[in-house]
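# Structural characterization, general
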Amino acid sequence: MTAVAVCAGLAGCSDPKELRVDSAWVRLPAVASRPGVAYFTVHGGPQPATLINVSSGWTVRADMHESIGSGGMMTMKPLTQVAVPANGTVVFAPGGKHLMIYGINPAVHAGDTMTFTFTFADGQRIRRIARVYGAGDPGPA
């Protein structure tokens, strides 16, 4: 029996799920002095995790927020932490959770990339690169 056949018959042969971040991207503000926004997806590993901070050397400050609709009005509330369920997914996307980024370095332009560090309550840090999109550009498909 080949190794491939043996592995296909064993459920434990697949790579173990790990806490990870992907699909990161940034929308620049229409006016340079205003905040931009970043989006991404956090995939939980075998244990629950808590995202407590996201930062970038390309910004002065980054704050997690969530947009909430009520009575036809949208408001934002700050998030000090975000629970990531074991083997679950938390999506930061337009109209929901997002990262407000303030004081973006003026050297950053559409088409560039920015590096972000995602910090979790257990001390784990994950670095990811995000593609930068202009204010009026369509985001990633």
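Shown above is the structure to which this text applies.
Quick look at the structure, then.

Rules used throughout
- Residues numbered from 1 in each chain as written.
- Predicted model: local features only at pLDDT ≥ 70, side-chain atom pairs only at ≥ 80, totals over all residues.
- Heavy atoms only, no water.
- Helix = DSSP H or I, 4+ residues; strand = E, 2+ residues; numbered from the N terminus.
- Polar contact = N/O pair within 3.5 Å; in protein donor to acceptor, adjacent residues only side chain to side chain.
- Contact = heavy atoms within 4.5 Å.
- Pairing = 2+ DSSP bridges.
- Buried < 20%, exposed > 50% of the residue type's maximum accessible area, 1.4 Å probe, protein only.
- Salt bridge = Lys/Arg side-chain N within 4 Å of Asp/Glu carboxyl O.
- Phe/Tyr/Trp six-rings, centres within 6.5 Å; stacked < 30°, edge-to-face > 60°.

### Focus on the side chain of His43
Examined against the element boundaries, His43 turns out to sit in strand S2 (residues 36-43). Of note is the side chain of His43, whose polar atom sits 3.0 Å from the side chain of Asp22. Excluding its chain neighbours within four sequence positions, the residues that come into contact with His43 are Glu18, Leu19, Arg20, Asp22, Val84, Gly88 and Thr89.

### Focus on the pairing of strand S3 (residues 49-55)
Looking along a regular strand, one sees the side chains alternate between the two faces of the sheet. Here S3 pairs with strand S6 (residues 82-84) via three bridges, running antiparallel. Bridge pairing links Thr50 to Ala83 in S6. Strand direction decides the pairing type here: S3 and strand S9 (residues 113-120), joined by four bridges, are antiparallel. Bridge pairing in S9 places Ser55 opposite Thr117.

### A few points about the environment of Pro35
Relative to the helices and strands, Pro35 resides in the loop between strand S1 (20-27) and S2. Overall, Pro35 belongs to the partly exposed group, its relative accessible area being 24%. Put simply, Pro35 and Ile101 are 66 residues apart on the chain and 5.4 Å apart in space, counted from C-alpha to C-alpha. With residues near it in sequence (within four places) discarded, Pro35 still touches Pro29, Met100, Ile101 and Tyr102.

### Details of the pattern of salt bridges
Inspection of the entire model under this criterion finds two salt bridges. In this structure, Arg61 and Asp63 form a salt bridge, with 2.8 Å as the shortest nitrogen-oxygen distance. Residue Arg61 is classed as partly exposed on the basis of its relative accessible area of 41%. The shortest N-O distance in the salt bridge between Glu66 and Lys97 comes to 3.4 Å. You can see Glu66 sitting in strand S4 (residues 61-70) and its partner Lys97 sitting in strand S8 (residues 97-102), a full 31 residues away along the chain.

### Quick notes on the pairing of strand S10 (residues 125-133)
Sheet topology places S1 next to S10; three bridges connect them, and they run parallel. Paired with Arg27 across the bridge in S10 is Tyr133. In this sheet, S10 lies alongside S9 in antiparallel orientation, the contact comprising seven bridges. The residue bridging Met114 from the neighbouring strand is Ala130, located in S10.

### Section: the packing of aromatic side chains
Centre distance and the angle of the planes are the two values used to describe a pair of aromatic rings. A complete count under the given rule lists four aromatic pairs for this structure. Between Trp25 and Tyr39, the ring centres sit 4.8 Å apart and the planes meet at 40°, which makes this aromatic pair tilted. Of the two residues, Trp25 sits in strand S1 while Tyr39 sits in strand S2, which places them 14 residues apart along the sequence. The same class applies to Trp25 and to Tyr39, which are both buried. With 5.6 Å between their ring centres and 90° between their planes, Trp25 and Tyr133 make a pair best called edge-to-face. A residue pair is termed long-range when its members are at least 10 positions apart, and Trp25 in strand S1 and Tyr133 in strand S10 qualify at 108 residues.

### Structural notes on unusual backbone geometry
Residue Ser23 is not a glycine yet carries a positive backbone phi of 55°. Summarising the element assignment, Ser23 is placed in strand S1. Backbone geometry places Asn87, a non-glycine residue, at a positive phi of 55°. Tracing the sequence through the fold places Asn87 in the loop between S6 and strand S7 (89-92). You can call Asn87 exposed: its relative accessible area is 54%.

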